[in-house]
Structure formats: structure tokens, C-alpha cells
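# A closer look at the structure
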Amino acid sequence: MELGLLDGFVRACSPMNLWYCFLGSMLGTFVGVLPAVGPAATIAILLPVTAYLDATQSIIMLAGIFYGAMYGGSTTSILMNIPGEAASVPTCLDGYQMTKQGRAGEALAIAAIGSFIAGTVGALFLSFAAPLLAEFALAFGSPEYFGLMFFSLTALFSFSGNSLLRGASAGLAGILLATVGIDPMSGIQRMAFGIPKLLSGLDVVPVLIGLFGVAEVLYGAEEQIVSVYEGKLGRMIPRGKELTKGLWASIRGTVIGIVTGVFPGLMPSVVTFIAYDIEKRISKYPEKFGTGVIEGVASPEAANNANCQAGFIPLFALGIPTTPIAAMLLASLMIYGLPVGPMLFKQHGDFAWAVVASMYIGNVMLLILNLPLVGLWARLCLIPYRIIGPIVLGAVMVGAYSIRNNMFDVWTSIIFGLAGYVMKKRGWPIAPLILGFILGPLLEQHFRASLQGSGGSMLIFVQRPICAVFIFLGVLLILMSRKLYSKVSVQE
Amino acid sequence: MILEIILLVIAAAGLTEGARLSKSVLLFVDPVGPGWYLFFMSCLLFICALALLVRQFIRRKAGQREVSLSLHKGPAGRALILLLLYGVAATYLGYLPASAMFFILVQRIFGERSWPRCAVIGASITACFYFVFSYLAGMPLP
């Protein structure tokens, strides 16, 4: 592991990799600050562009956008009471109160420091846990993978949204839409209904661009942001007891983020609420939460960064995405033909370690970008939506077209954009749809391969202990989803 | 209710295809074939979508209305129509004129009131896009 990580640092420190790490961190902070464009939309739009880059540079940049957005999301929450990301909503509660008391600098500093601690500890945990998990998963066969995917999908259905039925329906629709085209095992056409364009199936990138890029812009067009922070930031670093309290809260948030990060469905937007709630419960002065308590900023900010970093563990070790953004990174790995799952560390260790090492570097870059330049980021909200919106829509068109050089993908992204907009408006979760679309083919492949091995007997899924445990946990989650949801309120 | 109906349509398509393909079982190579999985997932989706539809009917009867989409009134609907027209124009007129028109008009939809400003910003974005995507990234444009 040590050698792999050292080698990864050498590769990550090459000028081009450093540049893409910086670019990703910068872009991530930028879209994290902007309330109307999120990291999901940005990654979706950039996927076709990054296809022209080397795999390592591309994933380093996309990962940088993901964790960079977690840093940037806190800025507008603290200064303007506008969450840049859904994950930053709890930060508004105490962060904005601190701003009103003239302590904006302290709030921004503890958010950045907490994010740095969480990001670095998360990367450290990823460095140790991912190779171990990958080593363990090498023994997995098709039934175990089927069980794991079944569990991941059911977890996502159960946690995303206030209705299991809606989550399951969206996920199942994603699974069915992924079957359009030629069946890879038999070569027979399915769900194409004789339409030649559908024979090659629906490409994942236009679907992602539509659901996240187009839908987000259409939705954002109705909620234009006009305010900007013009006040003073105050002292930039908290002192004495405030600093100690903030640091301890960051550590607690980090632990919560890491533990929940490896679990499918528990996205940063959920985990920050859990961290805030726990912090309030264990506090000696819970009644003061919401009035400008530093722990109320530090813990959720650390939790969302740690959660985001820990999400790379199942992604790299098992090929299981826990969030829609992780699913996009998985799609990107697939575009490059990299093996998803435990073989990634075995066969492409140089790539995997370079990406892991870049996360340590990216976190340092983000700390530097976020502390001294915070005023600049805050003023980014001056850019009117009437300029950002058209730019995103224009990029969507080019991105969708450039994948296979055909207009069919453009129409696909517009149709999925409309679907995503309607889903957002009606409060339907989008995450299960995209996870179903990406994991669906793998689920089917392992399901059918398992039955091939067993001669058609379904008993194989209960005879293999690891598979049986995953299926049992998945069924349990479905049965308990209503109870769990009441404790974990999910915002996508 | 539109989403529930779309889901029912997808489920019905899956059921039809699943039923058609379940006859083509390659017993030794692939015991369930390409149809069984499709049929099973479509059944599950059909049940879920039907349950959601029934729930919607009950809610409607109880006087609970869904959030109005009002696509025809707001900027979202107009932007969507413009995006569709942009796709058609890019196919027949080429990328540059279609993009210039799109960027000018979409700014109006998103709230810009001054036509000259729309024209300047629209032309600038088009030029930037052409330079970045075509020259720097070497990406094909419609």
C-alpha cells in the first residue's frame, strides 16, 4: 500500500496531473458556490470533454469537482443564507447567524479547516480501506456481486425520497431503460421496437447530461438568485475555546461522514443533517443551536467532505457507486475501459493510487483556495443566472453531441432533461433512476451468470452466504424503509 | 400524474418485450434468456406505477393537488422549446448561426431585457464556445 501511494504521489505530482487537480478543485469550488449549478450537472457536462483526456487526468479532475463542491457549498450558506449545495443546508442554520454577529470569517475558516481535516482523513481512510476491501472482494463471484448490487439499489430506493414507491419506481425505470438495445449475452435486440437508433442503446452520458444538466438549468431558471454579500468578514481564524470546540466538532463530523460514506444511499445531503442533529443532541447547550454556534458549522461541513471521500471506497474497491456523482465517475471509468471493481487496484494500481494521492493534494489546494480567496468566491454570485444558464445549456448541446457525433444523443438529453425537471418539480428522487440505469446492466449480467453457474437454480442466491446476507439486508431495508426515513430525512 | 403514466408505459413496453423474448431461452448457455429479467423487472415497475397512480387518484379525490408544472407559463417551458428549436437549427443551419440565435434568445427568456446586451453577450458566448470546443478541445460540433 505504502509503495503504491508513494508511486501515486509521484504520478499525481506531474505538472499535467497537478494542473487538472487544481482545475477540478477550482471548478468544484466555483459550482459549489453557485446555488443554481451543482457538481452533478458540471460533471455530467464535462464527461464528454474529459473523454479527450488521459484517464488519470480526467478522473483526478472530476473527483476534484466532487470534493471541491463540498468546500464551496459552505461559502454562500454562511454569507448569504443560500446553500450552494443541498448538503450545505444545515450550515446555513448557524453559519448565517455567525455572519449576522460579525463572525463570518470565523465561520468560513472553521468550515474550510473542518473540510480539510475531513477530506484528508477521508483520503487516508480510502488509502487503507479500499485496497483491503478490494483484496477481500477478489473472492466474489457473480452471485456475491448480484447480492451486493441488489443491496445497493434497495438501500438507495429506501433512502432517496419520502416514498419508497417513488424511489423503487424511478430505479426500476432506470433498470428497464438500460436494457434498450442489443442484449450483450445473446445478441438479441430488446426494447428497441425496430427503431434503428435505439439498437445501440441509450448512452449514459446524454442521460446524465439531461437529468442533471438540462433539468437543473430549467429548474434554476425559476429560482433566480439576486443577493450578494457586501458585509465584512471579521476575524478569519477562531481563537481559544471556539477553535477547540470547532476542531472537536470537525473530528466528530469526520467520523460520521466516513462511517456513512461507504453506505449506499446516504448522500452528503443526508449526512450533514445527521451530523448536525447528533452535534445538537450531545451538546451541553442544544438550545443555542441555530443562533450561531461554531459546532453547528464545523460538524456538517466535515461530515459532507468525509462522506464524499469515503464514497470512493466502494467505488474503487467494488465498483459500487453510493451517490449519483459516484455513478458518473463509474461511468467515466467505463468510458475509459477501466475495470470496475477489485481488479482496478490489481490491474491499474498506478491509475488508482494517482487518483487517491491527488485527493491529498486537492485538499491542500482547496484549503488555500477557500481561506484567502473567500471574498472572491462570495462575489461570484454577482454573475447573473441569465448568463450562467445559457452557458450551461450551450455546453449541454455540445457535450451530448460530441459523444457519438449524432443528434440522437442531443434529443435524448433534452427528453431526459424534461423528465428530470418534472421529477424535481414533483419531488421525485433522481438518484435511483441514474443508479438503476448504470447498475442495471451489471445486475442483470451477474444475475444471469449466477444462474448459468447453477444450471438455472435460484437457490444459488441463498446458498452463497455473502450473497444471502446482502439480499437479506436489502429486503430488511425495504421493510424498514418507512421507519428509517422518518429518522433520516433525505434531500437530493 | 404524468410521471406515473410514463412509468406504466415503460412497464408495459418491458412486459411486451419480456414476454416476446422469454420464448428464446438458450437453456444450456443462458437458463433464463434475455426476456425473463426484463419481464420480472417490468412486472415490479408495473405494480409500483399502478400503486402510485391509485394513490394519486385517492389524493385527488381528497382534494390534494400536485405541484403545478406550468411549463407553458414559466421560463423553463420556453427554454425547453428553444432548446428543441436549437437542435433543429443546428442540424440544418450549422452550429455557429444556430448557437448565436440560441444564446441571444435564451438570455431574453432568462430575464435579460436589453436586446443589444443580449446580442453582444450571445455573440461572445458563441465565439468562446467555438474556440474552446472546436479549436482547443478538438471536439466535433453539430
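Residues numbered from 1 in each chain as written. Chains lettered and ligands numbered in written order. Predicted model: local features only at pLDDT ≥ 70, side-chain atom pairs only at ≥ 80, totals over all residues.

### Examining the overall build of chain B
Helices and strands together make up the secondary structure of chain B, namely 5 helices and 0 strands. Dimensions of chain B, computed from the C-alpha atoms along their principal axes, are close to 65 × 50 × 25 Å. Within chain B, buried positions represent 33% of all 142 residues. Considering only contacts within chain B whose residues lie at least 6 apart along the sequence, 49% involve residues at least 24 apart. (Helix = DSSP H or I, 4+ residues; strand = E, 2+ residues; numbered from the N terminus. Buried ≥ 20, exposed ≤ 12 C-beta atoms within 10 Å, placed from the backbone. Contact = placed C-beta atoms within 7 Å.)

### Describing helix H4 (residues 55-80) of chain A
Residues and elements named next belong to chain A. For H4, with 26 residues, the first-to-last C-alpha span of 38 Å sits near the 38 Å given by 1.5 Å per residue. The largest bend along H4 measures about 30° and falls at alanine 69. Residue asparagine 81 follows H4 closely and has a positive phi angle near 65°. (Expected span 1.5 Å × (residues − 1). Bend = angle between axes of the 7 residues up to and from the residue.)

### Re the interface of chain A and chain B
A common way to report how large an interface is uses the accessible area buried once the components associate. Opposite the 52 residues of chain A that make contact, chain B presents 55 residues. Among the secondary structure elements, those contributing two or more residues to the side of chain A that touches chain B are helix H8 (164-177), helix H18 (385-404), helix H19 (407-426) and helix H20 (431-454) of chain A. Across the side of chain A that touches chain B, the residue classes break down as 32 nonpolar, 11 polar and 9 charged. (Nonpolar A, V, L, I, M, F, W, Y, C, P; charged D, E, K, R; others polar.)

### Side note on the nonpolar core
In this structure, Ile43(A), Ala44(A), Leu208(A), Leu329(A), Ile434(A) and Leu45(B) are the most contacted members of the largest nonpolar core, which totals 210 residues. At 18 residues, helix H6 (residues 104-137) of chain A tops the list of elements feeding residues into this core. Not counting residues within four places of it along the chain, the set of residues in contact with Leu45(B) comprises Ser169(A), Leu172(A), Ala173(A), Leu176(A), Leu7(B), Ile10(B), Ala11(B) and Gly14(B). (Core = buried A, V, L, I, M, F, W, Y, C linked by C-beta atoms within 7 Å.)

### Here we look at the environment of Leu50(B)
Structurally, the position occupied by Leu50(B) is in helix H2 (residues 33-61). Residues Leu50(B) and Glu4(B), 46 residues apart in the sequence, show an inter-C-alpha distance of 7.5 Å.

### Brief notes about the packing of helix H3 (residues 39-50) of chain A against H4(A)
All names here are of chain A. One can describe the packing of H3 onto H4 by two numbers: an axis separation of 10 Å at closest approach and a directional angle of 170°. Taken as axis vectors, H3 and H4 run roughly antiparallel relative to one another. From H3, Pro39, Thr42, Ile43, Leu46 and Thr50 reach across to H4, where they touch Ser58, Met61, Leu62, Ile65, Phe66 and Ala69. Across the contact of H3 with H4, the residue classes tally to 8 nonpolar, 3 polar and no charged. (Axes fitted to C-alpha atoms, helices over the stretch in contact; angles between N-to-C directions. Parallel < 35°, antiparallel > 145°, perpendicular 65-115°, else oblique.)

### Overview of the domain arrangement of chain B
Taken domain by domain, chain B comprises domain 1 (2-61) and domain 2 (75-136). Relative placement of domain 1 of chain B and domain 2 of chain B: their C-alpha centres are 40 Å apart. (Domains from an automatic or database assignment.)

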